[in-house]
Amino acid sequence: MLTETPPSLTAPHASGPLIGSGARTLLLNASMEPLCIVSLRRAVSLVMTEKATVLETDGRVLHSEHMSVPLPVVLCLTRYVHVPVRHPVPPTRRTVLQRDSHRCAYCGGGADTVDHVHPRSRGGRHEWGNVVAACVRCNHRKADRLLHEIGWSLSFTPRAPRWSVTFAAGGARSEPLWSAYVPA
Ligand SMILES: [Zn+2]
């Protein structure tokens, strides 16, 4: 993800190449529940103000005039933040493909379309429980038929992604060090 070498590391207050490189940090609530993904700048700010502690680092250290901060990959808030409403992410082509890991629900091949399991033309709703990732071929073959009509079945029950905020920000698979903290 980061391509800068240690000599390019910059102080947290500077807008050097590392800070601006799009690095992201997974932020956990004090309960260890994934909350959201924050920019590296925000992550460093949370650590420096002692609002969060570093759980995982990629081994590098950010140096400023007065302190050193391990480059945070996973952070945990020091105080629990109550999250009253978790806004669900709507099922879109992007979010459905993310949820299903770009795998076709019918043949397991690479998918880049979304299929309504119960076809919309036959009253199926556009909701998480009725959409799956599908390859173009399967989507075309299935057309507006129901699964039992063509002898197909699903190997899983489609449902809304559990960590909607994390999914919305690009998925946990982009950073291996996040995997222990985010359910697949
Ligand atoms: Zn397929």
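Just so we're clear, the structure is a prediction, and the values are computed from it rather than from any experiment. (Residues numbered from 1 in each chain as written. Predicted model: local features only at pLDDT ≥ 70, side-chain atom pairs only at ≥ 80, totals over all residues. Heavy atoms only, no water.)

### Some words on the overall build of the protein chain
Helix and strand content of the protein chain: 5 helices and 6 strands. Shown N-terminal to C-terminal, the secondary structure of the protein chain runs as helices and strands in the order β-β-α-β-β-α-β-β-α-α-α. In the protein chain, which comprises 184 residues, the share counted as buried stands at 41%. Within the protein chain, contacts between residues separated by at least 24 positions form 57% of all contacts whose residues are at least 6 apart in sequence. For the protein chain, the exposed area adds up to about 10,300 Å²; of that, 54% sits on carbon and sulfur atoms. (Helix = DSSP H or I, 4+ residues; strand = E, 2+ residues; numbered from the N terminus. Buried < 20%, exposed > 50% of the residue type's maximum accessible area, 1.4 Å probe, protein only. Contact = heavy atoms within 4.5 Å. Areas by Shrake-Rupley, 256 points an atom, 1.4 Å probe, with all protein chains shown as cover.)

### Some details on the coordination of the zinc ion
Coordination sphere of the zinc ion, protein contribution only: Cys 104 (SG), Cys 107 (SG), Cys 135 (SG) and Cys 138 (SG), at 2.3 Å. Geometry at the zinc ion is tetrahedral, judged from its 4 donor atoms and the angles of 100 to 117 degrees they form at the metal. Written as a sequence motif, the donor residues of the zinc ion are C-x2-C-x27-C-x2-C. With a gap of 31 residues between them, Cys 107 in the loop between α2 (93-99) and β5 (113-116) and Cys 138 in helix α3 (residues 136-142) connect regions that are remote in the sequence. On the basis of relative accessibility, which here comes to 3%, the residue Cys 138 falls in the buried class. (Donors = N, O, S within 2.8 Å, 3.2 Å for Na, K, Ca; no water. Tetrahedral: all angles 85-135°; square planar, octahedral: opposite > 155°, others 65-115°.)

### What to know about the side chain of Thr 25
Relative to the elements of secondary structure, Thr 25 occurs in strand β1 (residues 24-28). Excluding anything up to four places from it in sequence, Thr 25 contacts Cys 36, Ile 37, Val 38, Leu 40, Ala 43, Pro 72, Val 73, Val 74, Leu 75 and Trp 178.

### Observations regarding the pattern of salt bridges
Applying the stated criterion to the full structure yields 5 salt bridges. For Asp 58, the salt bridge is made with Arg 60, and the minimal N-O distance between the two is 2.7 Å. Given the relative accessible area of 34%, Asp 58 is considered partly exposed. A salt bridge links Glu 127 to Arg 125; its shortest N-O distance comes to 3.1 Å. Exposure remark for Arg 125: the relative accessible area of 58% places this residue in the exposed category. (Salt bridge = Lys/Arg side-chain N within 4 Å of Asp/Glu carboxyl O.)

### Describing the nonpolar core
With 13 residues, the main nonpolar core has Cys 104, Tyr 106 and Cys 138 as its most contacted residues. Sorting elements by how many residues they give to this core places strand β6 (residues 131-134) first, with 3 residues. Sequence-distant contacts of Tyr 106, defined by excluding residues within four places in its chain, comprise Asp 115, Val 117, Val 132, Ala 134, Cys 138, Lys 142, Leu 147, Trp 152 and Leu 154. Counting residues in hydrophobic clusters, the runner-up holds 10 residues, among them Val 47, Ala 52, Leu 75 and Leu 77. (Core = buried A, V, L, I, M, F, W, Y, C linked by side-chain atoms within 4.5 Å.)

### As for the packing of aromatic side chains
For the coordinates displayed, the defined rule picks out 1 aromatic pair. Judged by centre distance (5.1 Å) and plane angle (45 degrees), the ring pair of Tyr 106 and Trp 152 falls under tilted. Placement of the pair is Tyr 106 in the loop between α2 and β5 and Trp 152 in the loop between α4 (147-150) and α5 (164-168), with a sequence separation of 46 residues. (Phe/Tyr/Trp six-rings, centres within 6.5 Å; stacked < 30°, edge-to-face > 60°.)

### Brief notes about the confidence of the model for the protein chain
When pLDDT is averaged along the protein chain, the result is 81, and 78% of the positions lie at 70 or above. Note that residues 1-20 has pLDDT below 50 and, in this model, 42 contacts with residues that lie over four places away or in other chains. Residue range residues 165-169 is modelled with pLDDT below 50. Its contacts to residues more than four positions away, or to other chains, number 15 contacts. (pLDDT = per-residue confidence, 0-100.)

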